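Summary of structural features
As a plain string of letters, each chain reads:
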Amino acid sequence: MTNQSDQFKKVISHAKEYGFIFPSSEIYDGLSAVYDYAQNGSALKNNIREYWWKAMVQLNENIVGIDAAILMHPTTWKASGHVDAFNDPLIDNKTSKKRYRADVLVEDYVAKIEAKVEKEVKKAAKRFGNTFDEREFRATNPRVIANQEKIKVILKRLGKSLEKEDLADVKALIEELEISCPDSGSRDWTDVKQFNLMFGTKLGASADTAMDLYLRPETAQGIFVNFLNVQKTGRMKLPFGIAQTGKAFRNEIVARQFIFRMREFEQMEMQFFIPPGTQQEWYNKWKENRMKWHLALGMGEEKYRFHDHEKLAHYADAASDIEFLFPFGFKELEGIHSRTDFDLSSHEKFTGKKLQYFDPERNESYVPYVVETSIGLDRMFLAVFSNALREETLEGGAIRTVLKFPYPLAPNKAAVLPLVKKDGLPELARDIVDNLKWDFQTVYDEKDAVGRRYRRQDALGTPYCITVDHQSLEDQTVTLRERDSMKQERIAIAELKSTIEGKVSIGTLLRQF
Ligand code: GAP
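Please read these numbers as outputs of a predicted model, since none were measured by experiment.

As a further point, take the site of the ligand. Neighbouring residues of the ligand: 21 residues in total, closest Glu218, Arg250, Met262, Glu269 and Glu332. At 2.8 Å, a backbone N or O of methionine 262 approaches a nitrogen atom of the ligand. A distance of 3.3 Å is found between a nitrogen atom of the ligand and a side-chain nitrogen or oxygen belonging to arginine 339. Protein contact buries 92% of the 560 Å² of open area that the ligand shows by itself. Secondary-structure elements contributing two or more residues to the shell around the ligand are strand 10 (264-274), strand 13 (329-340) and strand 16 (369-376). Among the elements that take part in the shell around the ligand, strand 13 stands out by supplying six residues, more than any other. Its residues assigned to classes, the shell around the ligand shows six nonpolar, five polar and ten charged.

Structure, rendered in C-alpha cells:
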C-alpha cells in the first residue's frame, strides 16, 4: 500500500513524464502555482470541458453558452463585492517569515482533532467487532463528545470573527489554541491582515491616463453583465441558464498541491436565472444534477460527498460543495451556490440600468434570482487523473502502470501498432489510422517491441491498441487489445470503427448521465 503523499508524488511525476502537465516556463525554473498543459494534458482537459459543455448546453434546451472577455470594466468588481470582500485573512510567522491563511491554520488544527476522533472510532470498532454500533459510540463516548464539542466551538468562533471582520479575535484564537508555525514550530505571530486576491493590471499607454483593471477572479460576472443581452437576443424565458468556460485568476497566498490551487486556472460555470422564491427548489435540483454528472464517469460513488456551507460567501443564501477524495483527502471540487439577486441587483445599482425580466405568468417585472454551478476544470483534471493512475501487479509479478481514464476522456482513443517495421505492415497500419482519425483521436506507434508499446499506451491511458501483423495482410483482420482487461481479440479491420466508437464517444458518457 502506498500512502497518500507517495501516491500524490507519483501523480505529479507521471503527469510530467508522460506529457500531461509541465511547470510553467520551466527553463526559467518555473513560476509558482502556474502550470502548462502538455500534448496529452490539453487533450484530456478538452475532453473534460466537452463533457461539461455538452451536458449543459447540448442537453438543455434552456441553457446557452457564451464566451465573455477576461478583462471587464473595473466597476464590475466593485459591484460584485470582489474589491471589498474577496480577501483572505493572512498571518506571518516572525521566526520562519512564512505566510499563512489564518483560517486555514485553525482549520488544520480542527482537522487534527477530527483525525483523533476517527482514530478512536476505528479502535473501538476493532475492539467490539460485529457488535459495534458506531452511531451509539459517537453519541456516548465522553472523549469523542468532548472533542466534537471542541470542534464546534472553535469553528463557530472562527466563522463569527471572520464574518464580523474581527481579525484581532482570529489572532487571539490562534494564540489560545497554541497553534505553532508548521515550518519553524514558533508561536511568534504577526497580526492578522486582509489581503485582496485579485490581480491588477493596466489598460492604456501612458502612466497617468491608464485605467486600473483586474484579471477576472471568476467567470460568473461575464455572464451577469450579459444577462439582458442574452435574454433579449435569445428570447429566453425564465428559468434559463447561461454557461461559460474560461480562465480566472487569483493571487492565492497558499498556492500548493499541484494544480489543485493555482494562480491562473479555468472555471466551468453556469448561472441559472429563476423567479424569486423558487431558489430552494432549483438549488436542490442542480445539486442532484451535478452529482449525477460526476457519477456517470464511473469513478466510484464513495469518492464524492456534499459539504453544505455554514459560512456563506457575501453573495449566497445557500451553498454546497461537491467534495472529491483527492490523494490528499476530501476537498472541494465544485460549488453549487444560491446567489439570490445579489449580483444583478448590484449591477443595477452601479450602472443605473434595469436588469429585470418581465414574467408573463406573474404579470410583473423583477430581478431574477440565480443558482450557480461552478467547477474548476483543473481540479476536475486532477480528480480524473489521480483516480486513474494505478499500478497493477500482473501474473508473473510484473508491474504495469496504467491510467484508467473513463474511455471518452482519454487523450487518444486508439493506437495502431505494426508488429514489425517492414513487410508492408507500417503501410497497412497507417491506412487504418487514416480511416479512423475522422471519428476519434488515433495515433500510430512503431517504436520498440509490441509489449513495450502496450505498456506505453497503458501509461497514457489509451483504451485500445490495434496490432497489425502478417496475418492482417492476408485476411484483413487485426488484434484489438482493450486497456482495462488487457483482453485481445481478432477482429476485421472493417469492424474497428463501429466496435470502438460507441465506447469512446462523449455521447456515450452523456447517455449514462
Ligand atoms: N463563481 C463562484 C466561484 O468562483 P469558488 O468556490 O471561488 O466560486 C469555484 O470557485 C470553483 O473554482 C472551485 O470549486 C474550484 O473547483 C475552482 N477554483 C477556485 N479557486 C481555484 C484555484 N485557485 N485553483 C484551481 N481551481 C480553483
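Many analyses report the size of an interface as the accessible area lost when the parts associate. Annotation of the protein chain at the domain level lists domain 1 (41-68 + 197-202 + 209-393), domain 2 (87-195) and domain 3 (394-510). Relative to domain 2, the C-alpha centre of domain 1 lies at a distance of 29 Å. Taken together, the contact pairs eight residues of domain 1 with nine residues of domain 2. Summed over both sides, the interface between domain 1 and domain 2 buries roughly 700 Å², with carbon and sulfur atoms accounting for 65% of that surface.

Our focus in this paragraph is the pattern of salt bridges. A complete count under the given rule lists 41 salt bridges for this structure. In this structure, the salt-bridge partner of arginine 490 is aspartate 469, at a minimum N-O distance of 2.8 Å. In this pair, arginine 490 sits in strand 23 (residues 488-492) while aspartate 469 sits in the loop between strand 21 (464-468) and helix 16 (470-475), placing the two residues 21 residues apart along the sequence. Taking the relative accessible area as the measure of exposure, aspartate 469 reaches 14% and is therefore buried. Salt bridges sharing partners connect three or more residues here, namely Glu392, Arg400, Lys404, Arg455, Asp458 and Arg481.

We now examine the sheet that holds strand 16. Strand order in the open sheet formed by seven strands is 3-9-10-16-13-12-11, and the pairing between neighbours is mixed. If you trace the sheet from one side to the other, it starts and ends with strand 3 (63-65) and strand 11 (304-308), each paired once. Put simply, the sheet's adjacent strands are angled 25° from each other on average, direction ignored. Note: strand 12 (residues 318-326) against strand 13, nine bridges, orientation antiparallel. The partner of phenylalanine 326 across the bridge, within strand 13, is glycine 329. Along the sheet, helix 11 (residues 279-295) makes contact with strand 3, strand 10, strand 11, strand 12, strand 13 and strand 16, crossing strand 16 at roughly 20°.

We now examine the pairing of strand 16. For strand 16, the buried fraction is high: eight of the eight residues fall into the buried class. Here strand 16 shows no split at all, with Tyr369, Val371, Thr373 and Ile375 on one side and Val370, Glu372, Ser374 and Gly376 on the other all buried. Where strand 10 lies against strand 16, eight bridges are found, and the strand directions are antiparallel. Bridging across to strand 16, glutamine 271 finds its partner in glutamate 372. In terms of strand pairing, strand 13 meets strand 16 through six bridges, oriented antiparallel.

Scoring rules and cut-offs
- Residues numbered from 1 in each chain as written.
- Predicted model: local features only at pLDDT ≥ 70, side-chain atom pairs only at ≥ 80, totals over all residues.
- Heavy atoms only, no water.
- Near = heavy atom within 4 Å.
- Polar contact = N/O pair within 3.5 Å; in protein donor to acceptor, adjacent residues only side chain to side chain.
- Areas by Shrake-Rupley, 256 points an atom, 1.4 Å probe, with all protein chains shown as cover.
- Helix = DSSP H or I, 4+ residues; strand = E, 2+ residues; numbered from the N terminus.
- Nonpolar A, V, L, I, M, F, W, Y, C, P; charged D, E, K, R; others polar.
- Domains from an automatic or database assignment.
- Contact = heavy atoms within 4.5 Å.
- Buried area = accessible area lost by both parts, 1.4 Å probe.
- Salt bridge = Lys/Arg side-chain N within 4 Å of Asp/Glu carboxyl O.
- Buried < 20%, exposed > 50% of the residue type's maximum accessible area, 1.4 Å probe, protein only.
- Pairing = 2+ DSSP bridges.
- Axes fitted to C-alpha atoms, helices over the stretch in contact; angles between N-to-C directions.

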